[in-house]
Amino acid sequence: MQLVDEIVDLLSSADPSVENALFKAQVLAHRLGEADLARWVESELKGYAKDVELPSYRIVSITILGNASNEAYRVSEQPLPVMHLDPVIREKLEKKRLTQSISVIEGWCKEDKDLSIVIAPEFYPLLNKGLGNGYQVERAWGKPSMGAMLQVVAEVRSRLLEFALKLSDRLPAEAGREDMKQLAQEAHVGDLFRNSVFGDNTTIVVGSGSIQNVTNSVVKNDMESLVRVLREHQVAEPDIQALQVAIQEDATGGDASEKSLGPKVRAWIGSMVAKAGSAGWKVSISAAGGLLAKALGAYYGIGP
């Protein structure tokens, strides 16, 4: 397939352009109808929302450095002790979440040695407790290891390339654009993407922006749109069929109203949330309830 070949060529060249490859992957995700691929590509291109779980390669370790002094001496750019800190505070200081777009991170690669992360003065009293001889922190900052930003870019490049190479083996070279969504389903491209980019048995996290898109995608009383969205979020066919039965039973019994979901549908939601984060449904527990409530609320016309 030409589009996949173009992505492979961009990523495997001597001077690779990860951003351009991601733009092409965005087109590919649309043609394949793969929602998870589309969300990942969009997040890499535009940056991740602050409230979503980041891929592990976007969390980097940093060393805490600082300037400190007492009445007699002053030291500059020295590693500061952190072992005495509460584990939650220590992790907050020593781990940096990189939510920025891939183009910003690529830019940081060029000034790697000069990168520093500001530490708020509110943490200085806690850091002071690890110092002796009356030293007080004057200024503190975090320093990522050399090459940390380059490694993030390399991870995106490697994972996207692995997915594209495996995809080229599964989809026929002569596949037409109109056949791609059907072929993608038959080739289990969604599983291929998740395993290539996030690893086996990974829980897919649906961010708040994605949940909002659910509301916009489901049409009131339109079962086809509801089923499509559930499939996009990896709800299994037997579970979708069970929901359809629950909706029908609530409607027959007169249990569904314009202000609330029926008991059968509520029970179905409960069973799905119990599956979340497992092999039964690879969506995080924190996202599962909101996703289903939004989708079914839109179907019934409940809520904003």
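Just so you know, these numbers come straight off a predicted model, no measurement behind them.

### Some points on the pairing of strand β1 (residues 59–69)
Moving on, step 1. Counting buried positions along β1 gives 8 out of 11 residues, so the element sits mostly inside the fold.
Moving on, step 2. Summarising the sheet, β1 and strand β3 (residues 95–97) pair through 3 bridges and their orientation is antiparallel. Counterpart to Ile59 in the pairing with β3 is Arg97.
Moving on, step 3. Taken together, the 8 bridges between β1 and strand β5 (residues 136–144) define a ladder with antiparallel strand orientation. Across the sheet, Ala68 pairs through a bridge with Val137, a residue of β5.
Moving on, step 4. Looking at chain direction, β1 and strand β2 (residues 74–79) are connected through 4 bridges and run antiparallel. Residue pairing across strands places Leu65 opposite Pro79, the latter belonging to β2.

### What to know about the packing of aromatic side chains
Moving on, step 1. In this structure the tally under the stated criterion is 3 aromatic pairs.
Moving on, step 2. The interplanar angle of 55° and the centroid separation of 5.9 Å between the aromatic rings of Trp40 and Phe193 together place this pair among those described as tilted. Of the two residues, Trp40 is situated in helix α3 (residues 35–46) and Phe193 in helix α9 (residues 189–197); the sequence distance between them amounts to 153 residues. For the pair Trp40 and Phe193, one class covers both residues: buried.
Moving on, step 3. Ring centres of Tyr299 and Tyr300 lie 5.2 Å apart, and the angle between their planes is 85°; this geometry places the pair in the edge-to-face category.
Moving on, step 4. Judged by its relative accessible area of 13%, Tyr300 falls in the buried class.
Moving on, step 5. Three or more aromatic residues joined by ring pairs form one cluster here, namely Trp40, Phe163 and Phe193.

### Here's the deal with the packing of helix α12 (residues 237–253) against helix α13 (residues 263–275)
When two helices pack together, their arrangement is given by the angle between the helix axes and by the axis-to-axis distance.
Moving on, step 1. Packing of α12 against α13 brings their axes to within 7 Å, and their N-to-C directions diverge by 160°. One way to sum up the angle between α12 and α13 is to call them roughly antiparallel. Across from Asp239, Ala242, Leu243, Ala246, Ile247, Glu249 and Asp250 in α12, the residues of α13 making contact are Pro263, Lys264, Val265, Trp268, Met272 and Lys275.
Moving on, step 2. Split by residue class, the contact of α12 with α13 holds 8 nonpolar, no polar and 5 charged.

Reading the values: rules and limits
- Residues numbered from 1 in each chain as written.
- Predicted model: local features only at pLDDT ≥ 70, side-chain atom pairs only at ≥ 80, totals over all residues.
- Heavy atoms only, no water.
- Buried < 20%, exposed > 50% of the residue type's maximum accessible area, 1.4 Å probe, protein only.
- Helix = DSSP H or I, 4+ residues; strand = E, 2+ residues; numbered from the N terminus.
- Pairing = 2+ DSSP bridges.
- Phe/Tyr/Trp six-rings, centres within 6.5 Å; stacked < 30°, edge-to-face > 60°.
- Axes fitted to C-alpha atoms, helices over the stretch in contact; angles between N-to-C directions.
- Parallel < 35°, antiparallel > 145°, perpendicular 65-115°, else oblique.
- Contact = heavy atoms within 4.5 Å.
- Nonpolar A, V, L, I, M, F, W, Y, C, P; charged D, E, K, R; others polar.

From the geometry alone we can't say anything about function, so treat these as descriptive.
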